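Breakdown of the fold
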Number of protein chains: 2
Amino acid sequence: MKLPNYVKGQWSEGTSPGEALTDPVTGQELARISSQGINLAEALAFARTYGGPALRRLSYAQRAEILGKMADALVANRDEYFRISLLNLGANQADASFDVDGAIYTIKYYAKIGRALADGKMLKEGAAVSLSKSNAFAGQHLLMPAKGAAVFINAFNFPAWGLCEKAAPALLSGVPIVVKPASPTAWLTHRMVEDIVKADILPPGAISIICGSARDLLGHVREEDIVSFTGSADTAARIRSDDNILRRSVRVNIEADSINSAILGPDCAPDTDLFDLLGKEVVREMTLKAGQKCTTIRRIMVPRGQLKTFGDAVTAGLSPMKVGNPRNPEARVGPVVNKAQQTSCLEGLAKLKEECEVLFGGDKNFQPLDADVKESSFVQPALLSCKNGLDAKHVHDLEVFGPVATLVPYDDLEDLIALTRRGLGSLVASVFSNDPSFIRETILGIGDLHGRVLAVNSAVGAQHTGHGNVVPSCLHGGPGRAGGGEELAGLRALLLYHRRFVVQGPVDCITDLAGFCVNTASLYS
Amino acid sequence: MKLPNYVKGQWSEGTSPGEALTDPVTGQELARISSQGINLAEALAFARTYGGPALRRLSYAQRAEILGKMADALVANRDEYFRISLLNLGANQADASFDVDGAIYTIKYYAKIGRALADGKMLKEGAAVSLSKSNAFAGQHLLMPAKGAAVFINAFNFPAWGLCEKAAPALLSGVPIVVKPASPTAWLTHRMVEDIVKADILPPGAISIICGSARDLLGHVREEDIVSFTGSADTAARIRSDDNILRRSVRVNIEADSINSAILGPDCAPDTDLFDLLGKEVVREMTLKAGQKCTTIRRIMVPRGQLKTFGDAVTAGLSPMKVGNPRNPEARVGPVVNKAQQTSCLEGLAKLKEECEVLFGGDKNFQPLDADVKESSFVQPALLSCKNGLDAKHVHDLEVFGPVATLVPYDDLEDLIALTRRGLGSLVASVFSNDPSFIRETILGIGDLHGRVLAVNSAVGAQHTGHGNVVPSCLHGGPGRAGGGEELAGLRALLLYHRRFVVQGPVDCITDLAGFCVNTASLYS
């Protein structure tokens, strides 16, 4: 089976034999993809010329309604997405749900909040400022939907959610989308696009998919376009320094590597609820999707005195979890996505071992349940401990993208903040403590280098939304190593797909334009 | 005279003979600058370690008060700035005022609006969003001042305003500044920094200046820093693709080339007020600062039938304006900044002539008033006409940074929008018309590719703020070729120097943090 590309409103198969998509449990080939022979310049031009204008003839509310229909089309095919997730990602029900149901939830969320924007062609930001003594001449800031295409170059770990969390705000903004899913797991993204196309919800040119190599795609983006990338810092740097992107100052949003932290407060002794709660969260984070989430806890900062007890607690949580074929109901932890990622994880693990002690797992010769070691891509969960955090390098710099986490002890608040900041910009950190001043000082010390900080005390307990869970009402993204991008955060996500400009003019001209606008106050509520 | 650098709270002279700053009228050397031997890594580290924390111990209102004192220190030395502007930029009173008084006005503006932010250490953005059924767990978006330094690499044309329009929002945000003025005109920036340092207003490390080459400066910026560049698109691309900046995703704000447009409405016949008003505006734009403003009108779109009459009107305005030594009161138009810029202008003009007819001036052998042709750097104003705008290339792509503008005829609205967009992203376009629907459709057609659109009708007339004038309450910057950056726009300018993040936590933890915050609603009013 070769998955065709969908560009210029039609399905076109690539001309080369292409790349193989495989089952990470059996190693079997599932499908092939190729973008060879597809005219990517024309694909983008079609999206800009037909998709964009057709979308922008609609109001925000009408586009929100379209999102609702897209969600319906996805819900109708949910079982198929779970089947593909199992085949192509080795995902069990929980792993597949995290991606697929997360995707559907996010689209539904934007369908709902998008309705609040009602009619209108643009967003009006703030009040008019007077620019003349008579007040006849004034300035008004506006946000206009970009007149280009939104190009998504996505990561392999979230083929469903990665598509939908970007597609929802782009389409709501009136910007057509062109998605280039990561090759190893392109099938699920492809199937979702196919279902949306079949449902005939979107105008021609509003959605396109390119499977396989991005080839010369970046060479054809323009000033009006937006490129949104999720993946490695190396690829991010290549995209940012692409000649055409530089020359045209194309807007680029990046979500890249992140060495996320979880912090156990000094007040959380063994046997307290928060000690247990964080222990469970670490185990969940390490094992869900085999640790292949950009938000997964990579470092756990614990008071030095709790290094052993907390390590024991996590080990006790990991020990009974069987790793293996998700078709066997006993298996709780699935594989990483393919052999290349398995090798990368094991190489990363070896580097971490240079400066860490192994508390649990990480045996490269372990035997997964119901799977052939040679064909499958499992990594045994590994918990490490790094006694001298401030002297370590790999612990803070290397994102081992699998079921691997490291305990790092801290001595005091200053030490903790320095260790956490050593991640050089992360998506998320979580703080478990019942000491309000400890929580506050930690947030004030690290907030600027994070996109999200999760705080959990006993009053909240298990009601917290999870260290690694990205909710569409809150910011996803982070500075520095994490790429500096911003996604979601409710209607703020529309900012990426709009252009801010100011009109300075006669008051009646501004009033006239305001008639085409929705107030942005709702973006921030 | 060698101008010392100010880093680590002390003045240090560079060790090399350095570059010469010259008088563009006489060619005389005025001063030398060198950054050789200055440890730029330590300079940045000192700003981050001492300047930032000291600034951030103050509230927004206290920092606004500091801006007020800086404005006082600058006002006290205003005459000296006019003297230096005359010497180093060949600026007459009007030219110098545009830069110097614009700088002081901008600092005063931020001192005033900054007070509205009152006490607080951070900004609170929008309302809390509930994240649990019981509402005990919620999310709150916050904006925290960046914990790094703001590095300004500035342009030669605005040594005063370029410093102050960036310094004001950075310092108000609590971020220390390190300015690297463009070498040819570094003296004025240097003198302002010297006056601010002498006035002992800022804590140590809050302000630094590096004169001469930026050397390895970019190699030492970090995740917490912000780099703000104004200048050529080529240098912008070099900064954006710098290895260290890429690897750390350093936030970079760029304001680069811009081929700005002014549009004469189809309703504006000769002898109407708007026809005359735009004619005067074009003459002013071409001659003020010898056309060396990033916002200067480069293209004038006129109804095809008015090509000749409008060209005649501008020619009539330009003809009596004498070009030459600003020390002679008869001279109305000054020089460009140096021989290199003069050469660049003449080369650009030659390229424009390949596809344009010369309506006025542009004689490379013209004789400036009271100046030696060999030593001085004058460019005779040149008005060109390009009959087939859509076939032209240089007219839309080449920013001739001097007193040069080109008339481009249009046939209808569609044609006009295509021509204007051909600038591929500009800082500003202005529309002169009494037809509200023409104004509206033009704005809807070009707004997304501009940072600012100025609309002028007869009711407003001369009350408009000017095509090329940047007012601190309105956005300055533009997409695409203009660099994609955003500056000013009132308190929105603080966004560049803050980091958005979300706290997800117990409601009382969020309430506690909110006590350190100011609401951002005021950012957009």
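Model, not experiment: these values are computed from the prediction. (Residues numbered from 1 in each chain as written. Chains lettered and ligands numbered in written order. Predicted model: local features only at pLDDT ≥ 70, side-chain atom pairs only at ≥ 80, totals over all residues. Heavy atoms only, no water.)

Notes on the domain arrangement of chain A
Residues and elements named next belong to chain A. Here is the rule: Domain segmentation is taken from an automatic or database assignment of domains. Any two residues whose heavy atoms approach within 4.5 Å are treated as being in contact. Buried area: the sum, over both parts, of the accessible surface (1.4 Å probe) that disappears when the two are put together. Any Lys or Arg side-chain nitrogen located within 4 Å of an Asp or Glu carboxyl oxygen qualifies as a salt bridge. Any pair of nitrogen or oxygen atoms within 3.5 Å is treated as a polar contact; in protein, a donor-acceptor pairing is required on top of that, and neighbouring residues in sequence qualify only through side-chain atoms on both sides. By definition, any uninterrupted DSSP run of H or I lasting at least four residues is a helix, any uninterrupted run of E lasting at least two residues is a strand, and each is numbered from the N terminus.
Segmentation of chain A into domains returns domain 1 (2-256 + 485-524) and domain 2 (260-478). Each of domain 1 and domain 2 was reduced to a C-alpha centroid, and the two centroids are 31 Å apart. With 33 residues of domain 1 at the interface, the matching set in domain 2 holds 34 residues. Each partner contributes to the roughly 2,600 Å² buried at the junction of domain 1 and domain 2, and carbon and sulfur atoms together form 61% of this total. Counting the surface domain 1 buries against domain 2, the share from its top three residues, Val25, Phe98 and Phe156, is 23%. Counting the contacts that link domain 1 with domain 2 gives 1 salt bridge. Ionic pairing is found between Asp23 and Arg327, a salt bridge with its closest N-O pair at 2.8 Å. Across the domain 1-domain 2 interface, the total number found is 11 residue pairs in polar contact (both at pLDDT 80 or more). Put simply, the parts of the chain that give the side of domain 1 that touches domain 2 at least two residues each are helix H3 (78-89), helix H4 (93-114), helix H5 (161-173) and strand S23 (487-488).

Things to note about the interface of chain B and chain A
Worth spelling out the cut-off: Each residue gets one label: Ala, Val, Leu, Ile, Met, Phe, Trp, Tyr, Cys and Pro are nonpolar, Asp, Glu, Lys and Arg are charged, and the others, such as Gly, are polar. Strands are treated as partners if at least two bridges between them are detected by DSSP.
Contact with chain B, which involves 75 residues of that partner, is made by 75 residues of chain A. For the pairing of chain B and chain A, the buried interface totals around 6,200 Å² over both sides, and the portion due to carbon and sulfur atoms is 61%. The largest contributions to the chain B side of the interface with chain A come from B:Asp448, B:Arg500 and B:Gln504, which together make up 10% of the buried area. Linking chain B with chain A are 10 salt bridges, by the criterion used here. Its salt-bridge partner being A:Asp448, residue B:Lys147 comes within 3.7 Å of it at the nearest N-O pair. Applying the counting criterion to the chain B and chain A interface returns 34 residue pairs in polar contact (both at pLDDT 80 or more). Taken together, the elements giving at least two residues each to the side of chain B that touches chain A come down to strand S6 (122-130), strand S7 (137-145), helix H7 (233-240), helix H8 (243-248), helix H14 (436-446), strand S21 (450-456), strand S24 (498-506) and helix H15 (507-514) of chain B. Residues that form the side of chain B that touches chain A fall into these classes: 35 nonpolar, 22 polar and 18 charged. Sheet analysis places strand S24 (residues 498-506) of chain A next to S21(B), joined by 3 bridges and oriented parallel.

Regarding the packing of helix H3 (residues 78-89) of chain B against helix H4 (residues 93-114) of chain B
Residue and element names in this part refer to chain B. So the rule is basically this: Working convention: axes come from line fits to C-alpha atoms, limited for helices to the stretch in contact. Angles between N-to-C directions cover 0 to 180 degrees. Each angle receives one of four descriptions, namely roughly parallel if under 35 degrees, roughly antiparallel if over 145, roughly perpendicular if within 65 to 115, and oblique otherwise. Note: crossing handedness is left-handed where the near helix turns anticlockwise from the far helix by less than a right angle, and right-handed where it turns clockwise.
Here H3 crosses H4 at 135°, and the two axes come no closer than 9 Å. With respect to each other, H3 and H4 are oriented oblique. You can see that H3 and H4 cross each other, and the crossing is right-handed. The segment H3 lies against H4, with Arg78, Tyr81, Phe82 and Ser85 engaging Gln93, Ala96, Ser97, Val100, Asp101 and Ile104.

Regarding the pairing of strand S11 (residues 226-230) of chain B
All names here are of chain B. So the rule is basically this: With a 1.4 Å probe rolled over the protein chains alone, any residue whose accessible area is under 20% of its type maximum counts as buried; one over 50% counts as exposed, and the rest are partly exposed.
Of all 5 residues in S11, 5 are buried; the element is thus mostly enclosed. Burial along S11 is two-sided: the face carrying Ile226, Ser228 and Thr230 and the face carrying Val227 and Phe229 are both buried. Examined bridge by bridge, S11 and strand S12 (residues 251-255) share 5 bridges and lie parallel to one another. Directly across from Thr230, in S12, lies its bridge partner Glu255.

Some words on helix H2 (residues 60-76) of chain B
For clarity, the threshold we go by: Expected span of a helix: the number of residues minus one, times 1.5 Å.
Compared with the 24 Å implied by 1.5 Å per residue over 17 residues, the 25 Å span of H2(B) between its first and last C-alpha is a close match. Residues of H2(B) that are buried: B:Tyr60, B:Ala61, B:Arg63, B:Ala64, B:Ile66, B:Leu67, B:Met70, B:Ala71, B:Ala73 and B:Leu74.

Looking at the pattern of salt bridges
Where charged atoms from two side chains of opposite charge come close, those side chains can pair. By the definition in use, this model includes 60 salt bridges over all chains. Close ionic contact of B:Lys2 with B:Glu13 constitutes a salt bridge, the shortest N to O distance being 4.0 Å. Separated by 11 residues along the polypeptide, B:Lys2 in strand S1 (residues 2-3) and B:Glu13 in the loop between strand S3 (10-12) and strand S4 (19-22) bring together distant segments of the chain. Looking at B:Lys2, the relative accessible area reads 22%, which means it is partly exposed. Ionic pairing is found between B:Lys308 and B:Asp312, a salt bridge with its closest N-O pair at 2.8 Å. Highlighted residues: B:Lys308 and B:Asp312, both in helix H10 (residues 307-318), separated by 4 residues, approximately one helical turn. Classification of B:Lys308 by relative accessible area gives exposed; the value is 59%. Classification of B:Asp312 by relative accessible area gives partly exposed; the value is 41%. Where salt bridges share partners, they join A:Lys147, A:Arg222, A:Glu223, A:Glu224, A:Arg248, B:Arg421 and B:Asp448 into one cluster.

A closer look at the side chain of A:Lys289
Residues and elements named next belong to chain A. The test is simple: Neither His nor the chain ends is counted toward charge; the positive residues are Lys and Arg and the negative residues Asp and Glu.
By secondary structure assignment, the location of Lys289 is in the loop between helix H9 (273-287) and strand S14 (297-303). Although Lys289 is buried, it forms no salt bridge, and the closest oppositely charged side chain is Asp99 at an N-O distance of 5.1 Å. Filtering out sequence-adjacent residues up to four positions away, Lys289 remains in contact with Leu89, Asp95, Phe98, Asn157 and Phe158.

Points about the relation of the copies chain B and chain A
For clarity, the cut-off: The copies were overlaid with a least-squares fit restricted to C-alpha atoms from residues scoring a pLDDT of at least 70 in each copy.
Overlay of chain B on chain A (RMSD 0.0 Å): rotation 180°, translation along the axis 0.0 Å. Overall, the copies show the geometry of a two-fold rotation axis. Taking the C-alpha atom as reference, chain B places B:Ser241 closest to the rotation axis, 2.5 Å from it.

Concerning the pairing of strand S8 (residues 150-153) of chain B
Residue and element names in this part refer to chain B. The test is simple: Crossovers are described as right-handed under a simple rule: with the strands pointing away from the observer, the path leading from the first strand over the helix to the second runs clockwise.
What you see with S8 is no split at all: Ala150 and Phe152 on one side and Val151 and Ile153 on the other are buried throughout. Where S8 lies against strand S9 (residues 177-180), 4 bridges are found, and the strand directions are parallel. Each bridged residue has a counterpart across the sheet, and for Ile153 the counterpart in S9 is Lys180. Considered for its hand, the β-α-β crossover made up of S8, helix H5 (residues 161-173) and S9 is right-handed.

Quick notes on the environment of B:Ile33
Residues and elements named next belong to chain B. The topology assignment puts Ile33 in strand S5 (residues 29-33). The spatial distance from the C-alpha of Ile33 to the C-alpha of Gly18 is 5.1 Å, given a sequence separation of 15 residues. Once residues within four sequence positions are removed from consideration, Ile33 is found in contact with Lys2, Leu3, Gly18, Glu19, Leu21, Ser183, Ala186, Cys211 and Gly212.

Concerning the sheet that holds strand S1 (residues 2-3) of chain A
Two strands in a sheet stick together by hydrogen bonds in their backbones, pointing the same way (parallel) or opposite ways (antiparallel). Here 3 strands make up an open sheet; going across it, the order is S1-S5-S4 (chain A) and the pairing mixed. Each end of this open sheet is capped by a strand with a single partner; those strands are S1 and strand S4 (19-22) of chain A.

Considering the layout of surface pockets
We count it as follows: Two kinds of site are reported from a 1 Å grid over the protein atoms alone, namely cavities, where a 1.4 Å probe fits but cannot get out, and pockets, open sets with protein on both sides within 12 Å along at least five of seven lines, and residues are called lining when an atom falls within 4 Å of a point. Grid points are joined across faces, edges and corners, and a volume is the space filled by probe spheres set on the points.
Computed from the structure, the second largest pocket encloses a volume of approximately 1,200 Å³. Surrounding the second largest pocket, 42 residues form its lining, A:Gly231, A:Ser232, A:Ala233, A:Asp234 and A:Asp257 being those nearest its centre. Contributions of two or more residues to the lining of the second largest pocket are made by strand S11 (226-230), helix H7 (233-240) and helix H11 (339-355) of chain A together with H8 of chain B. Looking at the lining of the second largest pocket element by element, the count peaks at 6 residues for H11(A). Of the residues contributing to the lining of the second largest pocket, the split by class is 17 nonpolar, 11 polar and 14 charged.

Section: the sheet that holds strand S18 (residues 382-385) of chain A
One open sheet holds the 11 strands; their spatial order is S17(A)-S18(A)-S19(A)-S14(A)-S13(A)-S20(A)-S21(A)-S24(B)-S7(B)-S6(B)-S25(B), and the pairing between them is mixed. With partners counted over all chains shown, the strands left at the sheet margins are strand S17 (357-361) of chain A together with strand S25 (517-519) of chain B, one partner each. Each strand of the sheet is rotated relative to its neighbour by a mean of 25°, with strand direction disregarded. Relative to strand S20 (residues 426-432) of chain A, strand S13 (residues 260-264) of chain A runs parallel, the two being bridged by 4 bridges. Bridging across to S20(A), A:Ile263 finds its partner in A:Val431. Each of S13, S14, strand S19 (404-410) and strand S21 (450-456) of chain A touches helix H13 (residues 413-421) of chain A; the most contacted strand, S19(A), lies at about 150° to it.

Focus: the nonpolar core
Side chains of nonpolar character tend, in soluble globular proteins, to be buried together. This is how the line gets drawn: By nonpolar core is meant a set of buried Ala, Val, Leu, Ile, Met, Phe, Trp, Tyr and Cys residues that side-chain atoms within 4.5 Å join together.
Formed by 151 residues in total, the largest nonpolar core has its most connected members in A:Tyr110 and B:Tyr110. The contact partners of A:Tyr110, leaving out residues within four places of it in the chain, are A:Ala64, A:Leu67, A:Ala168, A:Pro169, A:Leu172, A:Pro472, A:Leu488, A:Ala489, A:Gly490, A:Ala493 and A:Leu494.

Regarding the packing of H4(A) against H5(A)
All names here are of chain A. Close contact between H4 and H5 brings their axes to 8 Å; oriented N to C, the two are set at 10°. One element, H4, and the other, H5, form an angle in the roughly parallel class. Two packed elements cross with a definite hand, and for H4 against H5 that hand is right-handed. The segment H4 lies against H5, with Asp99, Gly102, Ala103, Thr106, Ile107, Tyr110 and Gly114 engaging Trp161, Cys164, Glu165, Ala168, Pro169 and Leu172.

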